[in-house]
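Structural characterization, general
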Amino acid sequence: MTAPSAARTALVTVASVVAALLICALIFVFAGQSPAAVYGTMLRGTLGDPTGLAEVGRRTIPLLLLGAGLALAFRAQFFNIGAEGQLLLGAVFAAGTALFLPVPGALLIPAVFVAGFIGGGLWALVAAALRRVNVNEILSTLMLNYIAVALVTYLIAGPWKGKDVRGYIYTDTFPQGAWLPTLSGTQVHWPTLLLGVALALGLQWLLTRSTFGYALRVVGENPGAAHYAGLSSARVATLVALLTGGLAGLAGAGEVAGIHHRLLEASQISLGYGFTAVIVAWLARGNPALCLITAPLMGVILAGGDLLKIDMNLPFRVVDIFSGVILLCLIASEVFVRHRVQWGRA
């Protein structure tokens, strides 16, 4: 069987998104809402409004970093479902660096990012190590998410709890040298956004132009051929885990240094970015650079979902409906990517 063409893959992907939007429209009809009004509210409140556009940008930043890393991981058949936990560990390491390490002011922001990368990368390496003893990485990365949430809660309610926070649980505020600059009047921390764009393009180059990228593609597309060619699947999985976890950690560092300026509860650091990024990566079909398109798309859905809750009194989980239906349609569309449909009698 020949590999599907890029044109057919793109066509099927677009068709699956359109199908998901139609299914969601049907759900809105059953909920007593006009689909045109729902989608109109989402688009006007996000792409047609400066404040909404800034919200899309804010949510695009972590989705871009997470999605680009996951796209690379999925290409190598390393199914990392733990980006949420790796983001949180990146936030923990970044917060620890900002609060407790005696780093000179000019070096503090770079140190925060480096620490975030290390935190997320190390958390993903746990799953890579377990994979070497035949523990499925889907299960291990998923379970590690919950451990990461518990670790964050323990730190902010225990040894890292701020001195003057009274009944709340979060750390002290970071020194201002660790605050990332933002676009005026928004929470768009542009250094992380630029970093995400550069890394998405860099990973695309790594995947398509480097020796490691060639090995990664062979391991992912034909493990048997990779074995006969002397390529180590375990080594590739380990490096991919480090990269994808590291990028998730950078996203966590960006969230705490750019928006919150402290370590706080897991649900406040990440609005489910790690899980939404799975859709970002899947839409990109294993191409990190395409996350530059798919991450803002999901950013519109996340930001638009908040508007639907406020303006149209739709349920809190409306965004989950969008995400779930899109993911379901993408999974179902795989059969049309890999097989050509022919009409007529067999």
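Conventions and cut-offs
Residues numbered from 1 in each chain as written. Predicted model: local features only at pLDDT ≥ 70, side-chain atom pairs only at ≥ 80, totals over all residues. Heavy atoms only, no water. 1 Å grid on protein atoms, 1.4 Å probe; cavity = no way out; pocket = protein on both sides within 12 Å on 5 of 7 lines; lining within 4 Å. Points joined across faces, edges and corners; volume = space filled by probe spheres on them. Helix = DSSP H or I, 4+ residues; strand = E, 2+ residues; numbered from the N terminus. Nonpolar A, V, L, I, M, F, W, Y, C, P; charged D, E, K, R; others polar. Salt bridge = Lys/Arg side-chain N within 4 Å of Asp/Glu carboxyl O. Buried < 20%, exposed > 50% of the residue type's maximum accessible area, 1.4 Å probe, protein only. Expected span 1.5 Å × (residues − 1). Contact = heavy atoms within 4.5 Å. Phe/Tyr/Trp six-rings, centres within 6.5 Å; stacked < 30°, edge-to-face > 60°. Axes fitted to C-alpha atoms, helices over the stretch in contact; angles between N-to-C directions. Parallel < 35°, antiparallel > 145°, perpendicular 65-115°, else oblique. Left-handed = near helix turned anticlockwise from the far one by under 90°. UniProt positions renumbered as here; feature names shortened; annotations may be inferred.

Side note on the layout of surface pockets
In this structure, the largest pocket encloses a volume near 1,400 Å³. Around the largest pocket, the lining comprises 42 residues; the ones closest to its centre are W282, R285, G286, E334 and R338. Among the secondary structure elements, those contributing two or more residues to the lining of the largest pocket are helix 1 (6-30), helix 3 (50-75), helix 8 (211-221), helix 12 (273-283), helix 13 (291-311) and helix 14 (318-338). Residues belonging to the lining of the largest pocket are distributed by class as follows: 25 nonpolar, twelve polar and five charged. Each pocket or cavity is described by its volume, and for the second largest pocket that value is around 530 Å³. Around the second largest pocket sit 21 residues that line it, and S270, L271, G272, R317 and D320 are the ones nearest its centre.

What about the pattern of salt bridges?
One pass over the full model with this rule turns up six salt bridges. Between E55 and R58 there is a salt bridge; the shortest N-O distance is 3.2 Å. With a gap of three residues between them, E55 and R58 both fall in helix 3, about one helical turn apart. The exposure class assigned to E55 is partly exposed, which follows from its relative accessible area of 25%. Across the pair D306 and R59 runs a salt bridge, and its minimum N-O distance is 2.6 Å. Taken together, the residues D306 in helix 13 and R59 in helix 3 connect sequence positions 247 residues apart. A single network of salt bridges, built from pairs that share partners, joins E55, R58, R59 and D306.

Describing the side chain of E84
Looking at the element boundaries, E84 is found in helix 4 (residues 83-100). Given the relative accessible area of 9%, E84 is considered buried.

Considerations on helix 1
Across its 25 residues, helix 1 extends 36 Å between first and last C-alpha, which sits within 8% of the 36 Å expected from 1.5 Å per residue. If you check which residues of helix 1 are buried, you get R8, T9, V12, T13, S16, V17, A20, C24, A25 and F28. Looking at the buried side of helix 1, the elements it contacts are helix 2 (35-46), helix 12 and helix 14. Backbone geometry just after helix 1 places G32 at a positive phi near 85 degrees.

Points about the packing of aromatic side chains
Following the criterion strictly, the structure yields six aromatic pairs and no others. Both rings, one in F74 and one in F79, keep their centres 6.0 Å apart while their planes meet at 35 degrees; by these two values the pair is tilted. Ring geometry for Y168 and Y170: centres 6.0 Å apart, planes at 15 degrees, overall stacked. In this structure Y168 comes out as exposed when scored by relative accessible area, which is 55%. A residue is classified by how much of its surface remains accessible, and Y170, at 21% relative accessible area, is partly exposed.

Some details on the packing of helix 12 against helix 13
Viewed as axis vectors pointing N to C, helix 12 and helix 13 meet at an angle of 135 degrees, and their least axial separation amounts to 9 Å. The angle between helix 12 and helix 13 falls in the class oblique. By crossing handedness, the relation of helix 12 to helix 13 is classed as right-handed. Contact with helix 12, carried on its side by Y273, T276, I279, V280 and L283, involves C291, T294, A295, L297, M298 and L302 of helix 13 and no other residues of that element. Considered class by class, the residues forming the contact of helix 12 with helix 13 number nine nonpolar, two polar and no charged.

Considering the UniProt feature "transmembrane region" (unreviewed entry) in the chain
Those places that UniProt annotates as "transmembrane region" (unreviewed entry) correspond, in this numbering, to residues 60-78, 107-130, 142-160, 188-207, 236-254, 266-284, 289-308 and 314-337. The straight-line gap between the two end C-alpha atoms of residues 107-130 is 35 Å; of that span, 100% is helix and 0% is strand. Secondary structure across residues 142-160 divides into 84% helix and 0% strand, with the first and last C-alpha atoms of the span separated by 26 Å.

Quick look at the environment of Q33
Take Q33: it is sitting in the loop between helix 1 and helix 2. Separated by 279 residues in the primary sequence, Q33 and M312 place their C-alpha atoms 8.4 Å from one another.

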